[in-house]
Amino acid sequence: AQSVTQPDIHITVSEGASLELRCNYSYGATPYLFWYVQSPGQGLQLLLKYFSGDTLVQGIKGFEAEFKRSQSSFNLRKPSVHWSDAAEYFCAVGAGSGGSYIPTFGRGTSLIVHP
Amino acid sequence: NAGVMQNPRHLVRRRGQEARLRCSPMKGHSHVYWYRQLPEEGLKFMVYLQKENIIDESGMPKERFSAEFPKEGPSILRIQQVVRGDSAAYFCASSPLPVQTSGKGADTQYFGPGTRLTVL
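Nothing here was measured: the structure is a model prediction, and the numbers come from that model. Throughout this description, residue numbers start from 1 for each chain and increase along the sequence as written. The order in which chains are written sets their letters, starting at A; the order in which ligands are written sets their numbers, starting at 1. Reporting of local features is limited, given that this is a predicted model, to residues whose pLDDT is at least 70; pairs of side-chain atoms are given and counted only at 80 or more, and all residues count toward the totals for whole chains, interfaces and linings. Calculation of side-chain values draws on the structure's entire complement of heavy atoms; hydrogens and water are dropped beforehand.

## Quick word on the overall build of chain B
Here a strand is any run of E in DSSP of at least two residues, a helix any run of H or I of at least four, and the numbering for each starts at the N terminus. For chain B, the count of helices and strands is 0 helices and 11 strands. Taking 120 residues into account, the globule formula puts the C-alpha radius of gyration at 14 Å, and chain B, at 14 Å, falls close to it. Its C-alpha atoms give chain B principal-axis dimensions of roughly 40 × 25 × 25 Å. Residue exposure (1.4 Å probe, protein chains only): buried if accessible area is under 20% of the type maximum, exposed if over 50%, otherwise partly exposed. In chain B, buried positions account for 47% of the 120 residues. Residue contacts are defined here by distance: any two heavy atoms, one from each residue, within 4.5 Å place the two residues in contact. Taking contacts inside chain B between residues at least 6 apart in sequence as the whole, the part at least 24 apart equals 57%. Method for areas: the Shrake-Rupley scheme with a 1.4 Å probe, in which residue coverage is limited to the protein chains shown. Carbon and sulfur atoms provide 47% of the accessible area of chain B, an area that totals close to 5,900 Å². In chain B, which carries 17 positive and 11 negative side-chain charges, the distance between the mean positions of the two groups comes to 6 Å. Atoms counted for the radius of gyration: C-alpha only. Globule rule: 2.2 Å times residue count to the power 0.38. Under the counting rule used here, the positive set is Lys and Arg, the negative set is Asp and Glu, and His together with the chain ends is not counted. A charged residue contributes its charge at one atom only: NZ of Lys, CZ of Arg, CG of Asp or CD of Glu.

See the structure below:
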């Protein structure tokens, strides 16, 4: 079964600073990887996803993530954070054949943005 | 095109009462998924339903929890005899295609705003 670890519960950055949110996964084969954002009181919105091909994927709102098989990681990055990016971020892994097709979510990282 | 609707948004129940959570999928979506989010935890899959069928309930607690998605009307997640440990946010997602077509189907899950259940 697949699993996801988001080691940082909270991250605080200043507006305009760069951001990196960490995500490590466990799955035997090539996983499908996702990042979602959850604003307060809202449902989850898909930011980006990785299935295959180019390991650097671009998403909405200026976010990108890089799949590194050797490190079992899929970290989310943004070069310049805006105050509106303050939210909860979830990494998720879905498996191809041989695993659960239902995505498994990490516990989330809460992003706090200082003015 | 309205998104996934969930009601109520907030629900307060006393221990021992029943909680009924409703989810109306996006128009044209016939696949519904329920997730539970405990405080400071990620979403945990509970159940996957298609119209009138439960496809995967591997994440559902064995007792007190049930789900249905009738031919007409919203999907219902029912929790009988609620306990304080049931306090959580319950999210519903819908998709136009079956997720098991491939793992790629997961990206077409559209999430509702959730129902926050508080058990006193």
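## Comments concerning the overall build of chain A
When its secondary structure is counted, chain A shows 0 helices and 12 strands. Compactness check: chain A gives a C-alpha radius of gyration of 14 Å against a globular reference of 13 Å for 115 residues, within 12% of the reference. With the C-alpha coordinates aligned to their principal axes, the bounding extent of chain A is approximately 45 × 30 × 20 Å. For chain A, the proportion of its 115 residues judged to be buried stands at 48%. Summarising the internal contacts of chain A: among those between residues at least 6 apart in sequence, 55% fall at separations of at least 24.

## Notes on the environment of Leu21(B)
Along the polypeptide, Leu21(B) turns up in strand E3 (residues 19-24). The sequence separation of Leu21(B) and Leu49(B) amounts to 28 residues, and the corresponding C-alpha distance is 15 Å.

## Some words on the pairing of strand E9 (residues 73-78) of chain A
All names here are of chain A. Within E9, 5 of the 6 residues are buried, which leaves the element mostly enclosed by the surrounding structure. The pairing criterion is simple: DSSP has to find at least two bridges between the two strands. Sheet topology note: the strand E3 (residues 19-21)/E9 ladder contains 3 bridges and is antiparallel. For Leu21, the partnering residue across the bridge sits in E9 and is Leu76. Connecting strand E8 (residues 64-68) to the antiparallel partner E9 that follows it, the hairpin turn spans 4 residues, and Ser72 within it adopts a positive phi of roughly 50 degrees.

## A few points about unusual backbone geometry
Look at the link from Asn7(B) to Pro8(B): it is a cis peptide, with omega at -5 degrees. Residue placement: Pro8(B) occurs in the loop between strand E1 (5-7) and strand E2 (10-13). Of note, the phi angle at Lys61(A) is positive, near 60 degrees, even though the residue is not glycine. Summarising the element assignment, Lys61(A) is placed in the loop between strand E7 (56-58) and E8. Positive phi outside glycine occurs at Ser72(A), with the angle close to 50 degrees. Positionally, Ser72(A) belongs in the loop between E8 and E9.

## Some points on the interface of chain A and chain B
When the parts of a complex come together, some accessible area is lost, and that lost area is often taken as the interface size. Taken residue by residue, the interface counts 19 residues in chain A and 23 residues in chain B. When two parts are brought into contact, each loses some accessible area as probed by a 1.4 Å sphere; the total of that loss over both is the buried area. With both sides pooled, the region where chain A packs onto chain B buries about 1,800 Å², and carbon together with sulfur makes up 62% of that total. For this analysis, a polar contact is any N or O atom pair within 3.5 Å, provided that within protein one partner can donate a hydrogen and the other can accept it, and provided that sequence-adjacent residues contribute only side-chain to side-chain pairs. Where chain A touches chain B, the interface holds 1 residue pair in polar contact (both at pLDDT 80 or more). Elements represented by at least two residues in the side of chain A that touches chain B include exactly strand E5 (32-38) and strand E6 (44-50) of chain A. Among the elements that take part in the side of chain A that touches chain B, E5(A) stands out by supplying 4 residues, more than any other. Classification convention: Asp, Glu, Lys, Arg as charged; Ala, Val, Leu, Ile, Met, Phe, Trp, Tyr, Cys, Pro as nonpolar; all other residues, Gly among them, as polar. Taken together, the residues of the side of chain A that touches chain B sort by class into 12 nonpolar, 5 polar and 2 charged.

## Description of the confidence of the model for chain A
A score between 0 and 100, pLDDT records how confident the predictor is in each residue. Per-chain confidence: chain A averages 90 in pLDDT, with 94% of residues scoring 70 or above. No element of chain A has a lower mean pLDDT than strand E11 (residues 104-105) of chain A, which averages 88, and none a higher one than E9(A), which averages 98.

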